[in-house]
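What follows is the residue order along each chain.
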Amino acid sequence: MISFLDLYETSSLFSVVMNFLMKLITAAVTYGVGTKLIKFVRKQLRKLLERHNAEKGVITFLDSAANIGLYVILVFTILEMFGFDTASLLAVIASASVAIGLALQGAFTNLAGGVLILFQKPFQVGDYIVAHGAGLEGTVDDIQIFYTYLHTADNKIVVIPNGTISDNSITNVTKGAKRRVDVAVSVAYDADLKKAKDVLMKMLEADEATLKEEPMIVAVTELADSGVNLTVRSWVKGEDYWESFWRLTEKTKLTLDENGISIPFPQIDVHMIPTDSQNAVNAALPQEGKKHVKKTKQEV
């Protein structure tokens, strides 16, 4: 026979299981509703920021921060449903904050770096930057709470910690509306220098992308070993920089060629002085041998 105690224990176990199942179902429903509510809040936040013409990087950063914060609240809410004392849990976390801080030092550094980037705005989404600390460069594709994403020129996505960016120097290549184009070229010493400068200046004046209101310069920068070095300098719009640089570099070569101005290559003049032993050898050689030696020297 089943005793009263067995029935009581069975009913108590049944009650515990049912109570746990009810909490589990409630937690699942809370999680489902909570995730949809988080998506709604994030959507409204993004609309609000876009309505106030906030930068894309700021929108992404605040969206990431709101997403993390709301999910933390959701997790603590679900833990309370299962009987966890969240106040005690927070107290334990606070008491262990030193150890947690050491363990998450890199994450906190990246978070602080993200905040600095957000408020100081050294760059924004769409800018081309050089992150000297990471030794990387590319177009800023996204700025998130811990990382910045760069799109490189060879179509790669590079992820850089915000702490690395904020702790080191940054070159924002496209921050200004205009950029200076410098093309270096060398002409031979026996070339007509004035003519070379004139034809290169006319080339700049005829270039469609060169900003005519900005100074255009063709100047001698160095009297080098093999030739006279010139700098062909002009200004273009930031978005036209690379196309202009490549085009002007090619035009410089073609313009000099069309005007008969040679571009020198590295060369060294070698003067051979015969020694006494070499003179003795030449005296002992027949006439054909002397001609051969003389010819060889001329070729060298």
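Residues numbered from 1 in each chain as written. Predicted model: local features only at pLDDT ≥ 70, side-chain atom pairs only at ≥ 80, totals over all residues. Heavy atoms only, no water.

1. Focus on the nonpolar core
In step 1: Residues Val187, Leu200, Leu204, Val232 and Leu256 are the most contacted members of the largest nonpolar core, which totals 20 residues.
In step 2: The set of elements that each furnish at least two residues to this core consists of strand 6 (178-187), helix 7 (193-206), strand 8 (228-237) and helix 8 (241-258).
In step 3: With near-sequence residues (within four places) excluded, Leu256 lies in contact with Val185, Val187, Ala196, Val199, Leu200, Ile261 and Ile263.
In step 4: In this structure, Ala131, Leu150, Ile160 and Ile165 belong to the second largest nonpolar core, which totals ten residues. (Core = buried A, V, L, I, M, F, W, Y, C linked by side-chain atoms within 4.5 Å. Buried < 20%, exposed > 50% of the residue type's maximum accessible area, 1.4 Å probe, protein only. Helix = DSSP H or I, 4+ residues; strand = E, 2+ residues; numbered from the N terminus. Contact = heavy atoms within 4.5 Å.)

2. Remarks on the sheet that holds strand 8
In step 1: Spatial strand order, 6-8-7: three strands in an open sheet with antiparallel pairing. At either end of the open sheet lies a strand with only one pairing partner, and these are strand 6 and strand 7 (217-223). Between one strand axis and the next, the sheet turns through 25 degrees on average, direction left out of account.
In step 2: Relative to strand 8, strand 6 runs antiparallel, the two being bridged by ten bridges. Bridge assignment links Val187 to a residue of strand 8, and that residue is Val228.
In step 3: Docked against the sheet, helix 7 engages strand 6, strand 7 and strand 8, running at close to 15 degrees with respect to strand 8. (Pairing = 2+ DSSP bridges. Axes fitted to C-alpha atoms, helices over the stretch in contact; angles between N-to-C directions.)

3. Re helix 5 (residues 105-120)
Residues three or four positions apart in an α-helix share a direction because the helix packs 3.6 residues into each turn.
In step 1: Across its 16 residues, helix 5 extends 22 Å between first and last C-alpha, which sits within 8% of the 22 Å expected from 1.5 Å per residue.
In step 2: Of all the positions in helix 5, only Asn110, Gly113, Gly114, Ile117 and Leu118 are classed as buried. Down the axis of helix 5, the smallest arc covering the buried residues is 140 degrees, so these residues share one side. Exposed residues on helix 5 whose side chains face more than 90 degrees from its buried face are Phe119 and Gln120.
In step 3: Residues of helix 5 that are buried make contact with helix 2 (56-81), strand 2 (136-143), strand 3 (147-151), strand 4 (157-161) and helix 6 (162-166).
In step 4: Phi for Lys121, located one or two positions after helix 5, is positive at around 55 degrees. (Expected span 1.5 Å × (residues − 1). Arc of directions from axis to C-beta.)

4. Remarks on the environment of Phe245
In step 1: When you line up the elements, Phe245 lands in helix 8.
In step 2: For Phe245, a relative accessible area of 23% gives the class partly exposed.
In step 3: Separated by 64 residues in the primary sequence, Phe245 and Val181 place their C-alpha atoms 6.1 Å from one another.
In step 4: Excluding anything up to four places from it in sequence, Phe245 contacts Val181, Asp182 and Val183.

5. Here's the deal with helix 7
In step 1: Look at helix 7: 20 Å from first C-alpha to last across 14 residues, which is about the 20 Å you get at 1.5 Å a residue.
In step 2: Looking at helix 7, one finds that the buried residues are Ala196, Val199, Leu200, Met203 and Leu204. Projected down its long axis, helix 7 shows its buried positions confined to an angular sector of 145 degrees, all on one face. Exposed side of helix 7, more than 90 degrees from the buried face: Lys194, Lys202 and Ala206 are the residues found there.
In step 3: Buried residues along helix 7 sit in contact with strand 6, strand 7, strand 8 and helix 8.
In step 4: The N-cap residue of helix 7 is Asp192: its side-chain oxygen and the backbone nitrogen of Lys194 are 3.3 Å apart. (Polar contact = N/O pair within 3.5 Å; in protein donor to acceptor, adjacent residues only side chain to side chain.)

6. Examining the pairing of strand 7
In step 1: Taken together, the six bridges between strand 7 and strand 8 define a ladder with antiparallel strand orientation. What sits directly across from Glu222, in strand 8, is Asn229.
In step 2: Hairpin connection of strand 7 to strand 8: four residues between the antiparallel strands.

7. Observations regarding the pattern of salt bridges
In step 1: Counted by the stated rule, this structure contains ten salt bridges.
In step 2: With its nearest N and O atoms 2.9 Å apart, the salt bridge here joins Asp182 to Arg233. Here Asp182 is found in strand 6, whereas its partner Arg233 is found in strand 8, with 51 residues between them in sequence.
In step 3: One salt bridge connects Lys253 with Asp257, and the closest N-O pair in it is separated by 2.4 Å. Here Lys253 and its partner Asp257 are both found in helix 8, four residues apart, which amounts to about one turn of the helix.
In step 4: Overall, the relative accessible area of 40% leaves Lys253 in the partly exposed class.
In step 5: Assessed through its relative accessible area of 40%, Asp257 is described here as partly exposed.
In step 6: Here the salt bridges do not stand alone but share partners, grouping Asp207, Glu208, Arg247 and Lys251 into one network. (Salt bridge = Lys/Arg side-chain N within 4 Å of Asp/Glu carboxyl O.)

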